[in-house]
Amino acid sequence: MSGVFEGWRPGATASGDGSIAATGSIGLAQAGDNSTATLVGTAVTLTPEALALAMALPAQVPRTVNLPDRAGGLFVGRERELRLLDEAFEQAGGVVVHAVHGLGGIGKSTLAAHWAGRRAADFNPVWWITAESRPDLDAGLAELARALHPTLVGTLAEEALREATLQWLSAHEGWLLILDNVSDPADVDWLLDRTPNGRFLITTRHSGAGWRGMAGLLDLDLLELPEAVRLFTRIYDGPSDGVEELCAELGRLPLAVDQAAAYCREAEITPRTYLEWLAAYPGRLFAATTEGGDTERTVARVWRMTLDRLADTPLAERILRIMAWWAPEGIPRELLADLADPPAVTDALRRLSAHSMIRVRGDVISVHRLVQAVARTSEGAAGGVEEARRTAGELLDRAMTRAQTSRDGMRLGRVCADHAEVLAAHVGDDSEEVDVSRLFAMASAFLGATTAFGRALALGERAVALVARKYGPDHVHRLAASRALASVCENAGERDRAVAEYMRLAVDCERVLGPDHPSTIQARLRLCCAALNRPDPPRATLRALGEQLELAVRVLGPGHPVVLEALVPVFTLFRVSAEVRPEEDGAMAVETIEVALAGTAERLTPGDETLAHMKWELAAARMAVGDVAGAVAVAQELVDELRQRWGDADTRTFTARVNLVNVLMSARETDRARQLASVLLADSERLLDDSPSTRAVRKRLSAVLARTTGPDVTRVTEEGF
């Protein structure tokens, strides 16, 4: 006889008795009493005797369980994930496929082995296959045939054994296959197609769309800290000092915790010592294993194998190495825009995410801290460690430069400042990377603008030290860094230090640039302003400000930005006089500020910081003399200008809105004040660091909410805000 299988496609022709024509993979086929059987697609030819043996796998097999040792007593936590797996495999009938995916070393295989061991009585056989590649999968299926029918050992080729297993699986129910560490969904989709009645539990680092429609997904997260500590102490029973800190530093990654605990136990060192060594020698510890341990299951090796799979996308590894120098959370995708065109960057991120090396949520990226640590300590094909660190600094520098002048730039600038602070921790005091000093100075300014004053001062000091060491104390870069540090001191309320920094800066600028250079004049003017901000400044300070302002006008001209900036404290003095002696000096002060502002405003664009300070002094002076309507108008105009120029996420806009609440309370517009205060309280959590000044602002805003909703609003507005 001859025939063509259903589903025949052109290219398959049969002729002659006993012949079969087919395309694709059809499994085992028999056409006659004495014919051969052929596995079309892999060219397996069986004799009739071998075919009979292959078909002889028993319908009822003895209880067969093949699970790795990792299902033992070191398993901790994961109650939620175990419950979700129980629920997923309760479905009756048909194939059930569930894939556990996550970062290498996060415990996918351990979870799968523990769950399968706990549920082994519900399935038969329960068979574990290491399925990193198609040959690994084929070998595991062939081994299952030997376990189900030991008489096949030594009788059939590997391909025939694999086919015998597939035939048996497709004809029976109630079995469970665990496919461990699958690299690509395409490696197993053919198997799922041919076995419609079974249960598959898959572990994989691949979290991409390739699993869609094939398997339910369980995203495995890190251990909770108490669980990580419990895992560590099950392996290591020595002194516990430093265990929690070490587990936190290891990012609660099960493989890293296991590796560290075993090392501490064998080397007889404490967790505290390991923590200290981890900071000094991270690369060596991540690659270390115990005597007789599996060298393939170290943190460094596991992730190196993942990166090897991405060798065809070198940008992916380069991006990972660059992000290793930033904070692990909150990395804006836009920081990477200069590395390549958008499709190339997107594809690199997609592949890193698909292999669980990073997480992408919208435009924000996160990387596990140990992935970063390994990437910082090992060379790779995509470029060296130093090149990646240099690029990380350059990308932050460019982004922060854009943020200084862009609308809503404060958001990006503050995020970049957080990442620059992490980079600073990896840059030694003897670093030759000069560009980071400018970066650190910009980051210091953004941190100071959001009231993170302690961090801003530390970063500003690093910037001054780095540039001075590289260029010397008389270089203009060092003067610029010192000016930024003095400004942060002033904003932080460290008045004495601000005066000292500006005094030193003025002397240095005069020596390096000359007495009439704009930077020298600005330093002297800022010194006078900082001195005026100290309690009870002497009259000589005010005279000095006047003298310096006259010199600035004479040398630079009345419209120079340095001169206009120096007018702000003059406006402040007039405003203070209006507040202290409203009847005697109020009208004159308001008029003087209005006239000066009219002559100044045409030289500055709306939203300019100097102009904003001047307008607020006018609003406050009007409020002092009782012109609350005029004060509200100016304060609202200022908010509108700053919002238009910088956006709501900018701290300059935020400050102006807080001041507007003050004015509205004085004007007894309590409804507007209450609504704005409520919004600002929420914004303060998002925009400002937790500092004494931030807490003071929140206290004031909370007081507005409490008092404007009370029974005696009139009394509140009369008492003022």
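None of these values were measured; they are calculated from a predicted model. For every chain, the first residue of the written sequence is number 1, and numbering continues from 1 along that sequence. Two thresholds apply to this predicted model, a pLDDT of at least 70 for residue-level local features and 80 or more for giving and counting side-chain atom pairs, whereas whole-chain, interface and lining totals are computed over all residues. The basis for every side-chain value is the complete set of non-hydrogen atoms in the structure, without hydrogens or water.

Draft legend 1. Layout of unusual backbone geometry. Along the chain, Asn124 connects to Pro125 via a cis peptide bond; the corresponding omega equals -5°. Helix and strand assignments come from DSSP, with helices taken as H or I runs of at least 4 residues and strands as E runs of at least 2, each series counted from the N terminus. Position of Pro125 relative to the elements: it lies in the loop between helix H3 (108-118) and strand S7 (126-130). Unusually for a residue other than glycine, Glu268 sits at a positive phi of about 55°. One non-glycine residue, Thr451, adopts positive backbone phi at about 70°. Its location among the elements puts Thr451 in the loop between helix H18 (435-449) and helix H19 (453-471).

Draft legend 2. Broad picture of helix H9 (residues 254-267). The end-to-end C-alpha separation of H9 is 20 Å, in line with the 20 Å expected for 14 residues at 1.5 Å each. Throughout this description, buried means an accessible area under 20% of the type-specific maximum (1.4 Å probe, protein chains only), exposed means over 50%, and partly exposed covers the range between. All buried positions along H9 are accounted for by Pro254, Leu255, Ala256, Val257, Gln259, Ala260, Ala261, Ala262 and Cys264. Positive backbone phi, approximately 55°, marks Glu268, located one or two places after H9. To estimate how far a helix should reach, multiply one less than its number of residues by 1.5 Å.

Draft legend 3. Structural context of the pattern of salt bridges. A pairing counts as a salt bridge when a side-chain nitrogen of Lys or Arg comes within 4 Å of a carboxyl oxygen of Asp or Glu. In total, this model carries 55 salt bridges according to the counting rule given. Here Glu669 ties to Arg672 by a salt bridge, and the two come within 3.0 Å at their closest N and O atoms. The class of Glu669 is partly exposed, set by a relative accessible area of 28%. Judged by relative accessible area, Arg672 falls into the partly exposed class, the value being 36%. Among the ionic contacts, a cluster of salt bridges with common partners joins Arg134, Asp138, Arg162, Glu163 and Arg194.

Draft legend 4. How the structure looks around the packing of aromatic side chains. Centres within 6.5 Å are what make two rings of Phe, Tyr or Trp a pair, Trp counting through its six-membered ring; a difference in plane orientation under 30 degrees is then read as stacked, over 60 as edge-to-face, and the rest as tilted. Taken as a whole and assessed by the stated rule, the structure comprises five aromatic pairs. Each ring, one from Trp175 and one from Phe200, has its centre 5.2 Å from the other, and the planes form 85°; the classification is edge-to-face. Of this pair, Trp175 sits in the loop between helix H5 (158-171) and strand S8 (176-182) while Phe200 sits in strand S9 (residues 199-204), placing them 25 residues apart in sequence. Each member of the pair Trp175 and Phe200 is classed as buried. With a centroid separation of 5.6 Å and an interplanar angle of 65°, the aromatic rings of Phe232 and Tyr236 are classed as edge-to-face. For the residue pair Phe232 and Tyr236, the accessibility class agrees, reading buried in each case. Grouped by ring-pair contacts, the aromatic residues Phe89, Trp115 and Phe123 constitute a single cluster.

Draft legend 5. Quick look at the packing of helix H16 (residues 385-405) against helix H17 (residues 409-425). Note on definitions: angles span 0 to 180 degrees between N-to-C directions of axes, and those axes are lines fitted to C-alpha atoms, for helices only across the stretch in contact. Contact pair H16 / H17: the axes reach a minimum separation of 9 Å and the direction vectors enclose 155°. Considered as vectors, H16 and H17 are oriented roughly antiparallel to each other. Note that H16 runs across H17; the crossing there is left-handed. Only Gly409, Leu412, Gly413, Cys416, Ala417, His419, Ala420 and Leu423 of H17 make contact with H16, whose side of the interface consists of Arg389, Gly393, Leu396, Ala399, Met400 and Ala403. Residues are grouped as follows: Ala, Val, Leu, Ile, Met, Phe, Trp, Tyr, Cys and Pro are nonpolar; Asp, Glu, Lys and Arg are charged; every other residue, Gly included, is polar. Broken down by class, the residue content of the contact of H16 with H17 amounts to nine nonpolar, four polar and one charged. Here the angle decides the label: under 35 degrees means roughly parallel, over 145 means roughly antiparallel, 65 to 115 means roughly perpendicular, and every other value means oblique. Each crossing gets its handedness from the near helix: less than a right angle anticlockwise from the far helix is left-handed, clockwise is right-handed. The contact criterion used is simple: two residues touch if any of their non-hydrogen atoms lie within 4.5 Å.

Draft legend 6. Representation of H5. Taking 1.5 Å of rise per residue, 14 residues should cover 20 Å, and H5 covers 20 Å from first to last C-alpha, within 8% of that figure. Among all positions of H5, only Ala160, Leu161, Arg162, Glu163, Ala164, Thr165, Leu166, Trp168 and Leu169 are buried.

Draft legend 7. Fine view of the confidence of the model for the protein. As a per-residue quantity, pLDDT reports the predictor's confidence and falls between 0 and 100. Scored by pLDDT, the protein comes out at a mean of 82, with 84% of its residues at no less than 70. Between the elements of the protein, mean pLDDT differs from a low of 33, seen in strand S1 (residues 2-4), to a high of 96, seen in strand S11 (residues 331-332). In this model, residues 1-15 is a region of pLDDT below 50 whose contacts with residues beyond four sequence positions or in other chains number 30 contacts. The low-confidence segment residues 20-44, where pLDDT is below 50, has 63 contacts with residues more than four positions distant or belonging to other chains.

Draft legend 8. The pairing of S9, seen in detail. Most of S9 is tucked away, with six of its six residues classed as buried. Of the two faces of S9, the one holding Arg199, Leu201 and Thr203 and the one holding Phe200, Ile202 and Thr204 are both buried throughout. A pair of strands is labelled paired if DSSP reports no fewer than 2 bridges between them. Across five bridges, the pairing between S8 and S9 is parallel. Note on S9: the bridge partner recorded for Leu177 is Phe200. If you view a crossover with the strands going away from you and the path from the first strand over the helix to the second runs clockwise, you call it right-handed. With helix H6 (residues 189-194) bridging S8 and its parallel neighbour S9, the resulting β-α-β unit is right-handed.

Draft legend 9. Structural detail: the sheet that holds S11. Spatially, the three strands line up as an open sheet ordered S11-S13-S12, and their pairing is antiparallel. Strand pairing shows two members of the sheet lacking a second neighbour, S11 and strand S12 (358-361), which therefore form its edges. Bridge count for S12 against strand S13 (residues 364-367) is four bridges, and the pairing is antiparallel. Bridge pairing in S13 places Ile358 opposite Val367. Strand contacts of helix H13 (residues 314-323): S11, S12 and S13, with the helix running at about 80° to S13, the strand carrying the most contacts.

Draft legend 10. Fine view of the packing of helix H2 (residues 79-88) against H3. One way to put it is that H2 packs onto H3 with a least axis distance of 11 Å and a crossing angle of 55°. Classified by the angle their axes make, H2 and H3 are oblique. The handedness of the crossing between H2 and H3 comes out as right-handed. Across from Glu81, Leu82, Leu85 and Asp86 in H2, the residues of H3 making contact are Leu111, His114, Trp115 and Arg118.

Draft legend 11. Here's a closer look at the nonpolar core. Among the nonpolar cores identified, the biggest contains 72 residues, and Ile319, Met323, Trp326, Leu336, Ile358 and Phe440 are the most heavily contacted of them. Not counting residues within four places of it along the chain, the set of residues in contact with Met323 comprises Ile331, Leu336, Ile358, Ile365, Val367 and Gln372. We define a nonpolar core as any set of buried Ala, Val, Leu, Ile, Met, Phe, Trp, Tyr and Cys residues linked to one another through side-chain atoms lying within 4.5 Å. Among the nonpolar cores identified, the runner-up in size contains 55 residues, and Cys529, Val632, Trp646 and Ala673 belong to it.

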